[in-house]
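Structural features, examined
What follows is the residue order along each chain.
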Amino acid sequence: MYCMFLKSYVAPNTTLMTKVTPILTDTHGRTHNYLRISLSEKCNLRCTYCMPHDGIELTPSEDLMTADEIISIARVFVENGVDKIRLTGGEPLVRKDFSYILEELSKLGVRFSITTNALLTHRFIDDFKRFGLQDINVSLDSLNAEKFKFITRRDQYKKAFENINQLIAEGFHVKVNAVLMKGFNEDEIVDFIKLTKDRDLNVRFIEFMPFDGNEWNKNKLVSQAEILNRVNDHFGIEALQPLVNEKNFTARNFKIKGFKGSFGIISSVTNPFCDSCNRIRLTANGRLKNCLFSNAETDLLTPFRAGENLEQLIDKALNKKEAVRAGMTDFDQLTNPDLHNNNRSMIAIGG
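Residues numbered from 1 in each chain as written. Predicted model: local features only at pLDDT ≥ 70, side-chain atom pairs only at ≥ 80, totals over all residues. Heavy atoms only, no water.

Attention now goes to the overall build of the chain. Helix and strand content of the chain: 12 helices and 12 strands. By residue count, 55% of the 351 residues in the chain fall in the buried class. Considering only contacts within the chain whose residues lie at least 6 apart along the sequence, 75% involve residues at least 24 apart. Accessible surface computed for the chain: about 15800 Å², of which carbon and sulfur atoms make up 49%. (Helix = DSSP H or I, 4+ residues; strand = E, 2+ residues; numbered from the N terminus. Buried < 20%, exposed > 50% of the residue type's maximum accessible area, 1.4 Å probe, protein only. Contact = heavy atoms within 4.5 Å. Areas by Shrake-Rupley, 256 points an atom, 1.4 Å probe, with all protein chains shown as cover.)

Moving on, we come to unusual backbone geometry. Cis geometry is adopted by the peptide bond preceding G90, which originates at G89 and carries an omega value of 5°. Structurally, the position occupied by G90 is in the loop between β2 (84-88) and α2 (98-105). Phi at A118 is positive, roughly 75°, even though this residue is not glycine. In this structure, A118 sits in the loop between β3 (111-116) and α3 (125-130).

Bringing the nonpolar core into the picture now. Note on soluble globular proteins: their nonpolar side chains tend to be buried together. Grouped together as the largest cluster of nonpolar side chains are 80 residues, with contacts concentrated most on I37, F77, I85, F205, F263 and I314. With eight residues, the top contributor of residues to this core is helix α1 (residues 67-79). Residues within four places of F263 in sequence aside, it is in contact with I193, N202, V203, F205, L228, V231, L240, R252, N253, F254, K255 and I256. Counting residues in each nonpolar core, the second largest holds 13 residues, with I151, V179, I266 and V269 among its members. (Core = buried A, V, L, I, M, F, W, Y, C linked by side-chain atoms within 4.5 Å.)

With respect to the element layout, K316 can be found in helix α9 (residues 311-319). Judged by its relative accessible area of 53%, K316 falls in the exposed class. Linking K316 and L24, residues 292 residues apart in sequence, is a C-alpha distance of 9.6 Å.

What follows is the structure in structure tokens.
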């Protein structure tokens with residue numbers, strides 16, 4: 001029998017009482033108040049850097065978290081200090097019970113957000129507003145319809161771009177995430193930034209990272225320095241304005257003088273931000289990952305179903321977190337496939 005399915009009611013937009021506890025603080029003094037929950041391993045796109053060419057072996061449905069298990073496990077983290085939750089996938093909006101999950105999580109009184117490919121967002125605008133979800137990250141790696149089709153293996157660029165514009169028009173806080181890959185889309189950096197001229201939009205350029213089956217190598221990286229060189233060459237050095245970065249930032253943010261929006265650079269590989277990391281991930285099958293680069297996972301779902309306390313497991317998992325990128329401190333280690341090929345594909349981790 002599964003336990004803890006009886007939920008106590010918490011009024012919307014109220015905050016659960018949190019414990020004064022160190023279980024979300026690791027041995028390097030970093031406190032993890034940001035939980036990313038993967039709702040599904042499934043996706044309606046097949047992005048090459050996220051999913052291997054032949055797909056992945058999906059977890060049997062009985063081994064995935066149910067909606068009530070997601071909510072109950074999330075509550076454990078909130079009670080211990082998590083105050084921000086991001087819903088990811090695969091594609092989170094493919095879950096038929098997404099609206100129910102959203103409604104129940106909204107009662108936890110934390111700030112929450114979503115990462116999506118935007119193909120289905122038009123169906124959920126009212127739910128987003130009703131349950132207080134304002135922050136929406138959209139994955140979009142090209143502004144060219146043919147490139148989009150190539151990278152996603154689906155011909156859906158027009159719908160994705162229409163929905164991004166709709167989200168902006170509806171007043172949501174929208175960020176567009178573009179994974180840069182040399183020889184594919186680094187020539188679109190300026191075009192992406194031009195999107196921010198008349199839109200209240202933040203475009204974020206993300207370095208290509210190593211995961212199982214995505215054929216990563218360092219020659220495909222587009223570094224922060226290369227991005228800024230392209231920006232300066234096109235817009236001029238005087239037009240580039242650095243912005244103040246938020247606490248626990250992942251993106252170093254900039255804007256072009258006179259532009260409505262901004263852009264950021266997430267340099268996880270060449271210029272990591274591990275010293276201020278506050279993020280942990282819960283996969284769709286209920287496993288805790290303390291670092292995106294790590295192939296180590298802690299099963300929370302099995303002990304949860306057995307009625308066991310999760311706090312000791314969470315504490316132990318956080319104390320195993322390395323200071324930098326799961327212990328990979330240089331390019332020699334990053335380029336060693338033995339150190340990252342056992343990590344899941346990105347679609348099975350959650351963005």
